[in-house]
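# Topology and contacts: notes
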Amino acid sequence: MPIALTPPAAPEIKILGDAKAQSNNKRKIICFSDFDGTIFMQDTGHVLFDNHGCGSKRREVLDEQIKTGERSFREVSEEMWGSLNVPFEDGFQVMEKTLEIDPDFQSFHKYCIANDIPFNVISAGLKPILRRVLDTFLGEEASSHIQIVANEAQISADGSEWKPIWRHDTELGHDKALSVQEARKDAELTCDDGTIPLIVFIGDGVSDLPAAREADVLFARRGLRLEEYCVEHKITYIPFDTFADIQKEISRIRDEDEKKTGGKGLPARFNPRANLWRRVSSKTAVPRYVLMSPTKEEKMFLWPDAFSELKTPSAEVTEISLSPVQEAAAVPPPAHVSAVQA
């Protein structure tokens, strides 16, 4: 059967924007954003599943299985995508009628282009869908400025088979934190003076936690689960209602960093704990600050190898002893959780 969309066998992350292109006296900034619920108000997958797949009731049951840890995100997602039986074009027509874009995203995207700030979508969804949505709502020229880091897809011409091609061989399918780490390293290689770029992450839900912890500046959509988690765990973040709020804050942060650092060396808002989560322990030993997570869902996203299988756990969950240095780095300092760091 002919294949409508055939991805490369082993997709590789590209350098997400040229850090050299930004002004010499300004900090190199790279933006990452979730897609569903962040740039667009609805979830692209949910629109398809509810209209052309398993239906809303079954989807809600499957979502609950992820939250309780009964099944992994990847396993449930494969069932959802596998339930679809619709040609790509017909499925997209429903999305085009249903999806609503953040009212200020297009203005923000133009601001990023004008200021040489790479803007990247980082998503657990399917890249062909996300690209088509952006091409339609932004126009192909504007859309071409956005790098999409997501899963590829194999979709049959008649729509009888929708198969994700996962970026990473993990229970999540796409490890957002790993993608952010790779992009940071790539960007640092483009900086001849040894400076470190400022990483901005924009999200809305618990699935954004791994990538959010790799960021120097975190924006969380107001009133949704990511903000709730930040409040509960005293994680510094900036709430936003629309991308206009984000644009205003990034402009302020750039000016602040220029005054404090002159765009050299470490960012004024540097996150020293960026890689701690995957460095301090092995797959079979989970640090106690992960165990403090209140729900199975949150633990699964923070430490997928240990928490994604409830019925047949593949790793033993144990506490580890941290050195005083690790302890200090692991526990976020008391901070005004929704205030911008001074």
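Note that this is a predicted model, so its numbers are computed, not measured.

## Examining the pattern of salt bridges
Counted by the stated rule, this structure contains 15 salt bridges. With a closest N to O distance of 3.0 Å, arginine 27 and aspartate 257 form a salt bridge. Residue arginine 27 is found in the loop between β1 (3-5) and β2 (29-33), and its partner aspartate 257 is found in helix α11 (residues 243-261); the two are separated by 230 residues along the sequence. A relative accessible area of 2% places arginine 27 in the buried class. Assessed through its relative accessible area of 3%, aspartate 257 is described here as buried. Between arginine 221 and aspartate 102 there is a salt bridge, and its shortest N-O distance comes to 3.0 Å. Note that arginine 221 is positioned in strand β7 (residues 217-221) and aspartate 102 in the loop between α4 (88-98) and α5 (105-114), a separation of 119 residues in sequence. Like arginine 221, the residue aspartate 102 is buried in the burial classification.

## What to know about the confidence of the model for the chain
Chain-level pLDDT for the chain is 74 on average; 64% of the residues reach the 70-or-more range. Note on residues 6-23: pLDDT under 50 across the span, and 42 contacts to partners over four residues away in sequence or across chains. Ignoring residues within four places in sequence, the model shows residues 274-294, a span with pLDDT below 50, making 72 contacts including any to other chains.

## With respect to α5
Considered for burial, the residues of α5 that qualify are Phe105, Phe108, His109, Tyr111 and Cys112. Mapping the buried residues of α5 onto a view down its axis gives an arc of 155°, with all of them on the same face. α5 presents Lys110 and Ala114 as exposed residues on the side facing more than 90 degrees away from its buried surface. In the core, the buried residues of α5 are packed alongside β2, β3 (119-126), α6 (127-138), α7 (140-143), β4 (146-156) and α11. The first or second residue beyond α5 is aspartate 116, which carries a positive phi of 55°.

## Overview of the packing of aromatic side chains
This model, assessed by the stated rule, comprises 11 aromatic pairs. Where tryptophan 81 meets tryptophan 162, the ring centres are 6.3 Å apart and the plane angle is 10°; that geometry is what we call stacked. One end of the pair, tryptophan 81, is in helix α3 (residues 73-82); the other, tryptophan 162, is in strand β5 (residues 162-165), with 81 residues separating them in the sequence. Residue tryptophan 81 is classed as buried on the basis of its relative accessible area, which comes to 6%. For tryptophan 162, a relative accessible area of 4% puts it in the buried group. Site record: aromatic cluster; members linked through ring pairs are Phe105, Phe108, Tyr111, Phe119, Phe240 and Phe243. A cation over an aromatic ring shows up here: arginine 132 above the ring of phenylalanine 92, its NZ or CZ 4.4 Å from the ring centre.

Definitions and limits used
Residues numbered from 1 in each chain as written. Predicted model: local features only at pLDDT ≥ 70, side-chain atom pairs only at ≥ 80, totals over all residues. Heavy atoms only, no water. Salt bridge = Lys/Arg side-chain N within 4 Å of Asp/Glu carboxyl O. Helix = DSSP H or I, 4+ residues; strand = E, 2+ residues; numbered from the N terminus. Buried < 20%, exposed > 50% of the residue type's maximum accessible area, 1.4 Å probe, protein only. pLDDT = per-residue confidence, 0-100. Contact = heavy atoms within 4.5 Å. Arc of directions from axis to C-beta. Phe/Tyr/Trp six-rings, centres within 6.5 Å; stacked < 30°, edge-to-face > 60°. Lys NZ or Arg CZ within 6 Å of the ring centre and 35° of its normal.

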